[in-house]
Amino acid sequence: MVTEVSAVVERIYGDVLRRNPGETEFHQAVREVLDSLAVVLERHREYTEMKTIERICEPERQVIFRVPWQDDRGVVWINRGFRVEFNSALGPYKGGLRFHPSVNLGIVKFLGFEQVFKNALTGMPIGGGKGGSDFDPKGRSDAEVMRFCQSFMTELYRHLGEYTDVPAGDIGVGSREIGFLFGQYKRITNRYESGVLTGKGLGWGGAQVRTEATGYGAAFFAQAMMEVAGESFEGKRATVSGSGNVAVYGIEKVHQLGGTAVACSDSTGYVVDDKGIDLEVLKQVKEIERGRISAYADRVPSAHYVEGGSIWDVPCDVAVPSATQNELDADAAATLARNRCRYVVEGANMPTTPEAVRIFREAGVGFAPGKAANAGGVATSALEMQQNASRDRWTFEHSEARLEEIMRGIHTRCHRTAEEYGAPGDLVLGANVAGFLEVADAVHAHGLI
Ligand code: NDP
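Residues numbered from 1 in each chain as written. Predicted model: local features only at pLDDT ≥ 70, side-chain atom pairs only at ≥ 80, totals over all residues. Heavy atoms only, no water.

(A) Region of interest: the overall build of the protein. A count of helical and extended segments in the protein gives 17 helices and 12 strands. In terms of overall dimensions, the protein is globule-like: its C-alpha atoms have a radius of gyration of 21 Å, near the 22 Å expected for 449 residues. The C-alpha extent of the protein, read off along each of the three principal axes, is 60 × 55 × 45 Å. Of all 449 residues assigned to the protein, the portion counted as buried reaches 57%. When the accessible surface of the protein is summed, it comes to about 17900 Å², and 49% of that surface belongs to carbon and sulfur atoms. Of the side-chain charges in the protein, 49 are positive and 60 negative, and the distance between the mean point of each set is 4 Å. (Helix = DSSP H or I, 4+ residues; strand = E, 2+ residues; numbered from the N terminus. Rg over C-alpha atoms; globule rule 2.2 N^0.38 Å. Buried < 20%, exposed > 50% of the residue type's maximum accessible area, 1.4 Å probe, protein only. Areas by Shrake-Rupley, 256 points an atom, 1.4 Å probe, with all protein chains shown as cover. Lys, Arg positive; Asp, Glu negative; His and termini not counted. Charge placed at Lys NZ, Arg CZ, Asp CG, Glu CD.)

(B) Spatial organisation of the sheet that holds strand S2 (residues 76-87). Read from one edge of the open sheet, 5 strands run S1-S2-S4-S3-S5, paired in mixed fashion. If you trace the sheet from one side to the other, it starts and ends with strand S1 (61-70) and strand S5 (165-168), each paired once. The average undirected angle you get between the axes of adjacent strands in this sheet is 20°. Pairing between strand S3 (residues 93-99) and S5: 4 bridges, direction parallel. If you follow tyrosine 93 over to S5, its bridge partner there is aspartate 165. (Pairing = 2+ DSSP bridges. Axes fitted to C-alpha atoms, helices over the stretch in contact; angles between N-to-C directions.)

(C) The domain arrangement of the protein, seen in detail. Here the protein is partitioned into domain 1 (61-191) and domain 2 (213-364). Across the contact, 10 residues belong to domain 1 and 8 residues belong to domain 2. Buried area between domain 1 and domain 2, both sides added, is near 690 Å², and the carbon and sulfur share of it is 41%. By the criterion of area lost to domain 2, the three top residues of domain 1 are Phe110, Lys138 and Arg176, representing 46% of everything that side buries. Put simply, domain 1 and domain 2 have 0 salt bridges between them. Where domain 1 meets domain 2, there are 2 residue pairs in polar contact (both at pLDDT 80 or more). Considering every element that reaches the side of domain 1 that touches domain 2, the biggest residue donor is helix H5 (residues 105-122), with 4 residues. (Domains from an automatic or database assignment. Contact = heavy atoms within 4.5 Å. Buried area = accessible area lost by both parts, 1.4 Å probe. Salt bridge = Lys/Arg side-chain N within 4 Å of Asp/Glu carboxyl O. Polar contact = N/O pair within 3.5 Å; in protein donor to acceptor, adjacent residues only side chain to side chain.)

(D) Representation of the packing of aromatic side chains. All chains considered together, the criterion is met by 18 aromatic pairs. Geometrically, the ring pair formed by phenylalanine 135 and phenylalanine 148 is stacked, given 3.9 Å between the ring centres and 5° between the ring planes. Remark: phenylalanine 148 occurs in helix H6 (residues 142-156) and phenylalanine 135 occurs in the loop between strand S4 (128-133) and H6; sequence separation between them is 13 residues. Accessibility classification places phenylalanine 135 together with phenylalanine 148 in one group, the buried group. Grouped by ring-pair contacts, the aromatic residues Phe65, Trp69, Trp77, Phe99, Phe135, Phe148 and Phe152 constitute a single cluster. Taking NZ or CZ as reference, arginine 31 lies 4.6 Å from the ring centre of tyrosine 13, over its face. One residue, arginine 140, lies across the ring of tryptophan 77, its end atom 5.0 Å from the ring centre. (Phe/Tyr/Trp six-rings, centres within 6.5 Å; stacked < 30°, edge-to-face > 60°. Lys NZ or Arg CZ within 6 Å of the ring centre and 35° of its normal.)

(E) View of the pattern of salt bridges. One pass over the full model with this rule turns up 34 salt bridges. Note that aspartate 170 is salt-bridged to arginine 98, the shortest N-O span being 2.6 Å. Taken together, the residues aspartate 170 in the loop between S5 and helix H7 (175-189) and arginine 98 in strand S3 connect sequence positions 72 residues apart. In this structure, glutamate 193 and arginine 191 form a salt bridge, with 2.9 Å as the shortest nitrogen-oxygen distance. For glutamate 193, a relative accessible area of 5% puts it in the buried group. Residue arginine 191 is classed as partly exposed on the basis of its relative accessible area of 45%. A single network of salt bridges, built from pairs that share partners, joins Arg11, Asp15, Arg18 and Glu54.

(F) Representation of helix H8 (residues 213-228) within the structure. Relative to the 22 Å expected for 16 residues at 1.5 Å per residue, H8 spans 23 Å between its end C-alpha atoms, a close match to the ideal helical length. By the criterion of burial, H8 is predominantly enclosed, with 14 of the 16 residues buried. The positive-phi residue at the C-terminal boundary of H8 is glycine 230, with phi of around 70°. (Expected span 1.5 Å × (residues − 1).)

(G) Structural view of the sheet that holds strand S8 (residues 269-273). One open sheet accounts for 7 strands, arranged S9-S8-S7-S6-S10-S11-S12; its pairing is mixed. The open sheet is flanked by strand S9 (303-307) and strand S12 (366-368), the only strands paired with a single partner. Within the sheet, the average angular offset between the axes of one strand and its neighbour, ignoring direction, is 15°. Its contacts with the sheet put H8 on strand S10 (318-320), strand S11 (343-345) and S12, and the angle it makes with S11 is roughly 150°.

(H) Main features of the pairing of S1. As judged from the 10 bridges shared by S1 and S2, these two strands associate in the antiparallel manner. Bridge assignment links valine 63 to a residue of S2, and that residue is arginine 83. Remark: 5 residues form the turn of the hairpin made by S1 and S2, two consecutive strands paired antiparallel; glycine 74 in that turn has positive phi of roughly 95°.

And the structure:
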């Protein structure tokens, strides 16, 4: 039975490689999930017979489109837009848009695939999708970003709808971009359809805590992991890579829970501040001025800046990679383990390479995969949809309490599923299996479609 199952897994993976050539991040995401699912196939023959995994590995729809726009000097640019509607078994497609020069179909597919399982873990009625463009908003004026967003939405709108596909932000897409995208959607469709995008401004349909949700959620998840070991954030040092939406609010919640975040980064370098990152300065530099992280060290005497290098060289108890995929490799993992890091909690999507995950497992470092630990963002997006549908507005306190409850629920589910499937403490397996079972049951209920 075991060899039969591993042959099925290898056949499925071989097909994914053959059908999606060159999409290395997508291959990596599928491989990780498949490695966890052998234990499920041993118990459920129907998933093999009904080709359930194969169906979940194939997006329901993939849209690729041209995005022409003009910069402030009148120069014409052509970017490429993507939306991968991966799986709608549990609800409308839901997942962010990423604007970054590295975006290609493989990246969008890996993110969409992860999103399917993540959204299932939240227990909310949302399917999985992802999108974006190879447009780089860095250094662009507000007017240029607006023109790009308007052109992007002029094609994308026909695929969206509050019951169809509901995008949100991701790297390079924050509330400014969501505002421009929403304005163009409203203009084209002549509908004030609040529920078509999440991450909206608080004055026009946005939800309290959505901005903070992914970072706060990752910290709540870390806290739940620590409690299993009878520990807490009290007295712990954390390093948080990145200095965008996830990182900033991850740091904020780490501090509120009694820990000290001592380092953060951007794509040019990192800062270390042993007194604890000063959030007021960090927000001023990154959110208001949209500057580089080095400016933090220029303003805070207790901090120093390291150009290039690896933030994972900074000794810590808790590491929260919150920048981008594959940013934490085997060397970084070995360094963290040597420096006695105890917990690694993924704020970003797939920031840890498979070799690094293996090193953490062997060294007994508690590891939380992004599809569980960073689900707070999409869960709060679902709460935003709920408020939009009922024309309601919840308070910050109520929304944050819901977020914490959801994150604790996801942790419990991953933890219990790992035990039930013979891998206690393995939250990667727990997340993949729990997410898969939820989606697979709905896929079956809808017949062969
Ligand atoms: P932001 O655009 O707000 O911030 C991204 C941060 O990561 C920036 O500091 C950026 O530095 C850094 N970064 C991006 N690309 C690279 C790179 N190639 N190398 C090094 N650093 C890089 O994005 P978010 O904070 O929203 O997203 C961060 C991660 O979290 C992503 O993996 C995203 O998919 C994931 N995520 C986000 C959610 C959300 O709600 N926002 C929800 C769930 C997951 P620089 O400015 O120099 O590029």
